[in-house]
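Chains, contacts and geometry: an overview
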Amino acid sequence: MLIHIHIRDVATIEELHLDLHRGTTMITGETGAGKSVFIEAIELALGGRASPTIIRPGKEKAEISLSFDITHYPNVIACLKNMDLYNENNECLIRRVITSDGRSRSYVNGSPSTLQLIKELGELLFHLHSQHEQHVLQKSDTQREMLDRFANHLPLAHEVKTLAENASTLNHDIISLREKTKERANRADYLQFQLEELQNINLQPGEWESLEAEHHRLTHRDELIQHIQTAINQLADDENQTILSHLNETRKTLEAIHTVLPEAHEWINTLQSSLIQLTDLKSELRHYLENNELDPKKLQLTEERISLIFNLSRKHKISPEALVAFKEELTAELNLLLSSDENILQLEEKRKQIEADYHAAAQQLSHGRKKAAAKLEKEITETIRSLSLPHGEFSIALEKENTVLSTQGQEKIIFLIKTNPDQTLQPLAKVISGGELSRLSLAAHLALANKTSIPALVFDEVDTGLSGATAEKIGKLLRKLGDSYQVFCVTHQPQVAACGHHQLLVEKVFDDTKTYTRLRLLQSQERTNEIARMLGGEKITEKTLAHAREVLLRCHPAHAFGAGTSDLT
């Protein structure tokens, strides 16, 4: 649950630290006081679209922090552990900073996080139920999801959807393979022809590079011989001017002084090592000359091989080095084409198994839906009748799905309602008004109260357009919902506000040229005054105060509302 919120420089809120509690908290205040800012701040912190316009004028950034106690919410704990963001205190701290240049940064338990991860986490922590959200109830996807959630069949519904998608993918693959049978045969013939050419030249990995190096050596043989012969002459062939002869003379000179200068031994050894190495080098150079005589035939064969490989690479518009990999690609493609018939049989067998699994799962889902629909119909009908719709009746139609292997299962889910005795059951969109939709939506949430693990629910003016008597009944239902959830409700109805476990006042304050929005939890007498204002307007009389106490006592018979009493906890 949300235990603390901190807001700084968001719209008209300069600084807010607010501790929050279990149960149902009603949010009230005059029109324009900024009740929506509280909700918008929570949505922003949980990944909502941000704009620099949300920043308080004259400030560089806005900041929102939400602190959740997740002790009793294992799915949230699991999500944080998967993100490697869990701390042992079972607290989830979400913080978002929005700067004037339009950028924003988000953090979870002090670590930077992406907006996508924040949104995923937010879906597990918080759900906003606004007037817009009520209209989502008219969508078939929402109706199906609500019934499956009520039946505890969301995993089964997901399995049915996955099986249907897998079967559709396999069917597409099989059709595609069959349509390309003739095309495959032509392609296979062409591939075999290309492979014959590649197999005839039998190019080996690294051969092209070796051929180029060999060709370069053969075409520059005379130059190589000349330079190697010069090197041999410089080393040893000229007795008076060779490197070896000079080094020998140097060695003899040092030997003449080694008896006087002991360090000369090391110098002599160094020269001796050099003489040995250079003598070996002279032998290697002479061996190379003796074994690399000019062979015109070898040069011709190398050039013919190079020409053959180059012409084939030019034909395929690739480099000679790529011919080996190209041959492997063609071989793999040909093998795939030749085995396509066998693949079709394998895919068909796999599709049969998936279809069998689908029908078994879909049948189980249908059975569960029928059983749950009867129970949900009864619960919602009883609730809406208690909300000043005495002739209201809610029903769920399960119509046969015409699509074979539908991702939705074997039936379409259609919510039906009638609010007058002379009406027939009709789909929601055709017969229901805004106020009736509000009551139906609330009834549906109450029915699903124990079927969801989201700890915090927010209702934004869902009681708009309802009368006082009906509003009080809705308030009591919201209070009941607070036994299972942490509930926040923005309301203009005093009968609804009076039913909350707590009441949060939003008020606008003016200071010279600046405007501030303040939020505070009301104490008992303050709450009485606020309910009186909502009942009677700006002028509060003893009569409106007495009426306010009466309204509050109907929801809280164990409490006294007057000066000096404590607030509700």
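Just above, that's the structure.
So, a few notes on the structure that sits alongside this text.

What counts as what
- Residues numbered from 1 in each chain as written.
- Predicted model: local features only at pLDDT ≥ 70, side-chain atom pairs only at ≥ 80, totals over all residues.
- Heavy atoms only, no water.
- Helix = DSSP H or I, 4+ residues; strand = E, 2+ residues; numbered from the N terminus.
- Rg over C-alpha atoms; globule rule 2.2 N^0.38 Å.
- Buried < 20%, exposed > 50% of the residue type's maximum accessible area, 1.4 Å probe, protein only.
- Contact = heavy atoms within 4.5 Å.
- Core = buried A, V, L, I, M, F, W, Y, C linked by side-chain atoms within 4.5 Å.
- Patch = residues over 30% accessible without salt bridge, like charges linked within 9 Å, V, L, I, M, F, W, Y side chains within 5 Å.
- Areas by Shrake-Rupley, 256 points an atom, 1.4 Å probe, with all protein chains shown as cover.
- Salt bridge = Lys/Arg side-chain N within 4 Å of Asp/Glu carboxyl O.
- Pairing = 2+ DSSP bridges.
- Axes fitted to C-alpha atoms, helices over the stretch in contact; angles between N-to-C directions.
- Parallel < 35°, antiparallel > 145°, perpendicular 65-115°, else oblique.
- Left-handed = near helix turned anticlockwise from the far one by under 90°.
- Nonpolar A, V, L, I, M, F, W, Y, C, P; charged D, E, K, R; others polar.
- Phe/Tyr/Trp six-rings, centres within 6.5 Å; stacked < 30°, edge-to-face > 60°.
- Lys NZ or Arg CZ within 6 Å of the ring centre and 35° of its normal.
- Lys, Arg positive; Asp, Glu negative; His and termini not counted.
- Expected span 1.5 Å × (residues − 1).
- Disulfide = S-S within 2.5 Å.
- Arc of directions from axis to C-beta.
- Polar contact = N/O pair within 3.5 Å; in protein donor to acceptor, adjacent residues only side chain to side chain.

Here's the deal with the overall build of the protein
A count of helical and extended segments in the protein gives 20 helices and 15 strands. In summary, the protein has a C-alpha radius of gyration of 43 Å against a globular reference of 25 Å for 569 residues, an excess of more than 25%. Seen through its C-alpha atoms, the protein measures out along the principal axes to roughly 135 × 80 × 40 Å. When each of the 569 residues of the protein is scored for burial, the buried share is 43%. In the protein, of all internal contacts separated by at least 6 residues, the share reaching a separation of at least 24 is 69%.

Looking at the nonpolar core
It is characteristic of soluble globular proteins that their nonpolar side chains tend to be buried jointly. Membership of the largest hydrophobic core comes to 48 residues, with the highest contact counts inside it found for Phe-38, Leu-66, Cys-92, Leu-121 and Leu-125. The element contributing the most residues to this core is helix 1 (residues 35-45), with seven residues. The contact partners of Leu-66, leaving out residues within four places of it in the chain, are Leu-2, His-4, Ile-5, Ile-42, Ala-45, Leu-46, Cys-92, Leu-93 and Ile-94. If you look at the next biggest cluster of nonpolar residues, it comprises 24 residues, including Leu-387, Leu-481, Val-487 and Cys-489.

A word on a nonpolar patch on the surface
Together, Ile-257, Val-260, Leu-261 and Trp-267 make up an exposed nonpolar region whose accessible area comes to about 370 Å². With respect to the helices and strands, the residue Ile-257 is situated in the loop between helix 10 (243-255) and helix 11 (264-291).

Section: the sheet that holds strand 5 (residues 91-99)
Spatially, six strands are ordered 2-1-4-5-6-7 in an open sheet, and the strand pairing comes out antiparallel. Edge positions in the sheet fall to strand 2 (13-19) and strand 7 (111-113), since each of these pairs with one other strand and no more. Here the average twist between neighbouring strands, direction ignored, is 15°.

What to know about the packing of helix 10 against helix 11
Close contact between helix 10 and helix 11 brings their axes to 10 Å; oriented N to C, the two are set at 160°. With respect to helix 11, the element helix 10 is oriented roughly antiparallel. Crossing geometry of helix 10 relative to helix 11 is assigned as left-handed. Within the contact between the two elements, helix 10 uses Ile-243, Leu-244, Leu-247, Asn-248, Thr-250, Arg-251, Leu-254 and Glu-255 and helix 11 uses Ala-264, Trp-267, Ile-268, Leu-271, Gln-272, Leu-275, Leu-278, Thr-279 and Lys-282. Its residues placed into classes, the contact of helix 10 with helix 11 shows ten nonpolar, four polar and three charged.

Some thoughts on the packing of aromatic side chains
The tally for this structure, following the rule as stated, stands at two aromatic pairs. The ring of Tyr-86 has Lys-81 sitting right over it, with the charged end atom 5.0 Å from the ring centre.

Concerning the packing of helix 19 (residues 524-536) against helix 20 (residues 542-555)
Following both chains from N to C, one finds helix 19 and helix 20 inclined at 110°, their axes separated by 8 Å at the closest point. By the criterion of interaxial angle, the relationship of helix 19 to helix 20 is roughly perpendicular. Only Thr-544, Leu-545, His-547, Ala-548, Arg-549, Val-551 and Leu-552 of helix 20 make contact with helix 19, whose side of the interface consists of Arg-527, Thr-528, Asn-529, Ile-531, Ala-532, Leu-535 and Gly-536. Of the residues belonging to the contact of helix 19 with helix 20, the class tally is seven nonpolar, five polar and two charged.

Considerations on the side chain of Asp-9
Among the structural elements, Asp-9 can be located in strand 1 (residues 2-10). Lys-59 is the oppositely charged side chain nearest to the buried, salt-bridge-free Asp-9, at an N-O distance of 4.6 Å. Not counting the four nearest positions on each side in its chain, Asp-9 is found in contact with Glu-14, Ile-54, Ile-55, Arg-56, Lys-59, Lys-61 and Ala-62.

Focus: the pattern of salt bridges
Counted according to the given criterion, the structure contains 21 salt bridges. Measuring nitrogen to oxygen at the nearest pair gives 3.0 Å for the salt bridge that ties Asp-141 to Arg-144. With Asp-141 and Arg-144 both in helix 5 (residues 140-150) and three residues apart, this pair spans about one turn of that helix. Using a relative accessible area of 47% as the deciding quantity, one classes Asp-141 as partly exposed. Arg-144 sits in the buried class, given a relative accessible area of 17%.

Observations regarding the sheet that holds strand 9 (residues 393-400)
One open sheet accounts for three strands, arranged 9-10-11; its pairing is antiparallel. Edge strands, defined here as strands with exactly one partner in the open sheet, are strand 9 and strand 11 (426-427). Pairing geometry for strand 10 (residues 411-418) and strand 11, over two bridges, is antiparallel. Each bridged residue has a counterpart across the sheet, and for Leu-416 the counterpart in strand 11 is Pro-427. Along the sheet face, helix 5 touches strand 9 and strand 10 and points at about 95° away from the line of strand 10.

A few points about helix 6 (residues 154-179)
With 26 residues, helix 6 should cover 38 Å at 1.5 Å per step; its first-to-last C-alpha distance of 38 Å lies within 8% of that length. By the burial criterion, the buried members of helix 6 are Leu-156, Ala-157, Val-160, Leu-163, Ala-164, Ala-167, Leu-170 and Ile-174.

So, the pairing of strand 14 (residues 502-511)
Where strand 3 (residues 24-28) lies against strand 14, four bridges are found, and the strand directions are parallel. From the neighbouring strand, Thr-28 faces strand 14, where its bridge partner is Leu-505. With eight bridges connecting them, strand 14 and strand 15 (residues 514-521) associate as antiparallel partners. The residue of strand 15 that forms the bridge with Leu-505 is Arg-520. In this structure, the hairpin formed by strand 14 and strand 15 is closed by a connection of two residues, where Asp-512 is found at a positive phi of approximately 55°.

A short note on the side chain of Ser-113
Note on placement: Ser-113 falls in strand 7. On the accessibility criterion, Ser-113 (14% relative accessible area) is buried. Every residue in contact with Ser-113, bar those within four places of it in the chain, is listed here: Ser-106, Tyr-107, Val-108 and Ile-118.

Examining the state of the cysteines
Enumeration according to the criterion identifies zero disulfides in this entry. This cysteine, Cys-92, is not joined by any disulfide, and Cys-79 carries the nearest cysteine sulfur, 8.5 Å off. Taking relative accessible area as the criterion, Cys-92 reaches 0% and is therefore assigned buried.

Quick look at helix 13 (residues 323-338)
Given a rise of 1.5 Å per residue, 16 residues ought to cover 22 Å, and the 22 Å separating the end C-alpha atoms of helix 13 matches this to within 8%. Within the span of helix 13, buried status applies to Leu-323, Val-324, Phe-326, Leu-330, Leu-334 and Leu-337. Axial view of helix 13: buried residues confined to an arc of 155°, hence all on one face. Across helix 13 from its buried face, at more than 90 degrees, point the exposed residues Glu-328, Glu-329 and Leu-336.

Brief notes about the environment of Arg-95
With respect to the secondary-structure elements, Arg-95 resides in strand 5. Between the C-alpha atoms of Arg-95 and Ala-45, which are 50 residues apart in sequence, the distance is 6.2 Å. When neighbours within four sequence positions are excluded, Arg-95 is seen to be in contact with Glu-63, Ile-64, Ser-65, Arg-105, Ser-106 and Tyr-107. Side chain to side chain, Arg-95 and Glu-63 meet in a polar contact 2.8 Å long.

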